[in-house]
Amino acid sequence: MLAPHVWHSDPLTFWRERILFLFILIWSLFGPLALIPSLLLAHYEGLWGVMVLDTSAYGVLLTAFLRPKWSLKVRGILTCLCLYGLGVGLSLALGPVGAGYIWLFGASVMVSILFGLGAAITSLAFNAAGFTVIALLVFYGKLDWAWVLENALEKWLVLGINFLLLNTFVTIIVAFVLNGLKKALSREQETSANLRQSEERYRIIADFNYDWEYWVGPTGELKYVSPSCERITGYGMDVFLKNPALMSAIVHDEDRPQVEAHLAADLEQTQGFGSIDFRIVLPDSRIRWICHYCQPVYGEDGTFLGRRAGNRDITERKTVEADLRAHRERFLRVLDSIDASILVVDLETHEILFMNKRRIENSGQDMTGRPCFQSIKGKSAPCEDCNIQTLVDANKEPTGVHVWHEQHPATKKWYLNYDRAIKWTDGRMAKIQIATDITELKCMEAELRQAHKLEAIGTLAGGIAHDFNNILSSILGYTELALDDAPKGTPLSENLGEVLTAGERARDLIKQILAFARQSDEKIKPVQVKTIVKEALKLIRATLPATIEIRTNLISDSAIMGNPTQIHQILMNLCTNAAQAMECSGGILEVELIDTCVRPETSARIANLVPGDYLRLNVADTGAGIAPEHLESIFEPFFTTKSPDKGTGMGLAMVHGIVESYHGKTTVESQPGRGTRFSIYLPLSPKAAEEISDAAGELPTGAERILLVDDEHRNVLDGNPPAQPQTGL
């Protein structure tokens, strides 16, 4: 980007040109990093003048950058005026809180670099005058920021005095240094003639250089070739001097176009330092790699004298690099082909050092170089349960393989992880994690476990059904006989009716167990849950101790599609569990029945329940609560924390199965020591519930006889069954 005339200027001018060029280049490239925040802040505070000033300054310096052919004086004056204007403008607009004095400082330093000591002293005087004028404006209250800033004048004076002292010191020092540099460069030019006398000695050194050196004149002719060419190429230097085309002829066919283009560019005066790697073919057909580098050569008067080039044999290095690339490709190919996610994390900084292809695909992006807790877990600090520190002992030695499994919070997939500490390529300790997707195995395991449980339930239910039905037949039979003899409307008749109802519920319960085990469908119909809840609560109240209070809030009269016995079973199981949780200390059993509407935005919080209208049955207690580690298992068949005489682990499994068959959901909230709340969501039925009539119809009569056969003595009727005069049996 430097103008051609710069390369032929005197050394001091050359360095001034380069300093100015670097300043403008850095300002043009990185200026927006400061300009954009300044414009945003000025826009936010309504400082439109500051915005115009900043934008104009950047535009002026950008123009100077895009006009490298302008003279040093023109571009230098533009730059210094821009810095000075920016400093004065920001000081007037923002005062001490702005960056004006920084730009004033830079302006005086740049003046001393570009124009010498005299101009530097003038710039210092301008700075002093500027600070004095601003101080007077502050004194007379002409600047807005002076009203806001406490002790504005005193602060500005202190700032100005310190600024001028430091600015004067730096500016004068820079000017003296450059003046000394100018003298040194003059002396260097004087000694260059003496250096030419040593050319022969330098030629001797070049002749014995290990690299193959040569010098090409401005028209392309070979002026010098070092003897090392024969050791590297197999051709002597005389051969090259007689046949300059040999330079291109020995190049490998695949590399020749690129090398010829580079050699042609060597004849251009503006071409700077260049480098290229290529292959050559030796007389015995062997291949060698050459690293070619060159740079222009100028005379004392700036005349282009050609190019000096060096060629180094890098065959061994290229061989090593090729082996390393092949090794890396094999390594990555093996890692990427593994059906597992591989992650390497620094033990100290938690920085991700490596991710194989499968891990990148699972994550959706390559997160190498970022902290694992931030990119994977979305946290701002290392995870509390991170196992990194357990992978090494107190002496920073690996402790072996740590195997664990987890469920990804986003994808819900299960992974089996193998973690261990290793020493990474740069020597630091790192954790390598190999994660295998075991989601399908988890599903198969859960399905197999459930199948075994259901099979066990079926076997158990089939084994006890016959005996339990015999017992119930005896209870129901005697109850019906006693009910026939009891006077209608008396407490005895009502109590026997309750016993009969409970027995019928127990009989239906056996059917439900068999249906659950055999996965058969029960007949469902519109049912008004409120009636069943009231009936069940009567039975529950009689079995609860006086220390447990029942509170009800049965608001809903809605109906659902279900089975009365199953609804009764749900409530009995939940209330029984609640009562057992409060049997030691007592408490409150709350039963609520309300209508609710599940909206799309809330369905995710209710086990992804389908949006719609539901009947919600809440059963809450103030008992001991459920431990957090047990919450995920409470609906599994046979899971229980109770003693064998208190429960079998089937109650909540039955509840869950019934609710799911109704296309509903069950949620649970529990805190140890504060109680548990179960919420049952059941879809509302558009049909009206069937009314349950308590009126008993008249029994049919007849003159028949009943033959009773039973395999257990005294199970149904003891001895001769009594006659039934009411029915004629």
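From a predicted model like this one, the values you see are computed outputs, not experimental measurements. (Residues numbered from 1 in each chain as written. Predicted model: local features only at pLDDT ≥ 70, side-chain atom pairs only at ≥ 80, totals over all residues. Heavy atoms only, no water.)

**Student:** Just to check I follow, could you spell out helix H12 (residues 256–265) for this structure?
**Tutor:** In an α-helix there are 3.6 residues to a turn, and that puts residues three or four apart on one side. Of the positions making up H12, those classed as buried are Val259, His262 and Ala265. Seen from one end, H12 has its buried residues packed into an arc of 120°, which puts them on one side. For H12, the elements touching its buried residues are strand S3 (274–281), strand S4 (287–298) and strand S5 (304–313). (Buried < 20%, exposed > 50% of the residue type's maximum accessible area, 1.4 Å probe, protein only. Helix = DSSP H or I, 4+ residues; strand = E, 2+ residues; numbered from the N terminus. Arc of directions from axis to C-beta. Contact = heavy atoms within 4.5 Å.)

**Student:** Even after reading the chapter, I still don't get the pattern of salt bridges, so can you show me in this structure?
**Tutor:** The tally for this structure, following the rule as stated, stands at 21 salt bridges. Across the pair Arg677 and Glu592 runs a salt bridge, and its minimum N-O distance is 3.5 Å. Note that Arg677 is positioned in strand S17 (residues 675–683) and Glu592 in strand S14 (residues 587–598), a separation of 85 residues in sequence. Several salt bridges converge on common partners, so that one network encompasses Asp277, Arg317, Lys318 and Glu321. (Salt bridge = Lys/Arg side-chain N within 4 Å of Asp/Glu carboxyl O.)

**Student:** What is the right way to read the confidence of the model for the protein chain from this model?
**Tutor:** Close inspection of predicted coordinates is inappropriate in any region flagged by low pLDDT. Per-residue confidence for the protein chain gives a mean pLDDT of 78, with 81% of residues at or over 70. Confidence over residues 517–521 falls short of pLDDT 50; this stretch has five contacts with residues more than four positions distant or in other chains. For the stretch residues 692–696, pLDDT sits under 50, and the model shows zero contacts to residues farther than four places along the chain or on other chains. (pLDDT = per-residue confidence, 0-100.)

**Student:** What's the story with the nonpolar core in this structure? I'm lost.
**Tutor:** As a rule of thumb, soluble globular proteins bury nonpolar side chains together. By size, the foremost hydrophobic cluster in this structure holds 35 residues, and its most contacted members are Ile570, Leu589 and Val591. For this core, the secondary-structure elements that each account for two or more residues are helix H18 (529–543), strand S12 (548–554), helix H19 (564–581), S14, strand S15 (612–621), helix H21 (651–661) and S17. Broken down by element, the residue count for this core peaks at seven residues, all from H19. In this view, Ile570 contacts Leu617, Val655, Ile658, Val659 and Ile680; residues no more than four positions away in its chain are not counted. (Core = buried A, V, L, I, M, F, W, Y, C linked by side-chain atoms within 4.5 Å.)

**Student:** For this particular structure, what's the right way to read the sheet that holds strand S2 (residues 222–225)?
**Tutor:** Sheets are built from strands paired through backbone hydrogen bonds, the pairs being either parallel or antiparallel. Read across the sheet, five strands follow the order S2-S1-S5-S4-S3 without closing on themselves; strand pairing throughout is antiparallel. Looking at strand neighbours, the two that pair on one side only are S2 and S3, the edges of this open sheet. Going across the sheet, the axis of each strand differs from the next one's by a mean of 25°, ignoring polarity. Relative to S4, S3 is paired through eight bridges, and the arrangement is antiparallel. Looking at the pairing, Arg279 lines up with Trp289 of S4. (Pairing = 2+ DSSP bridges. Axes fitted to C-alpha atoms, helices over the stretch in contact; angles between N-to-C directions.)

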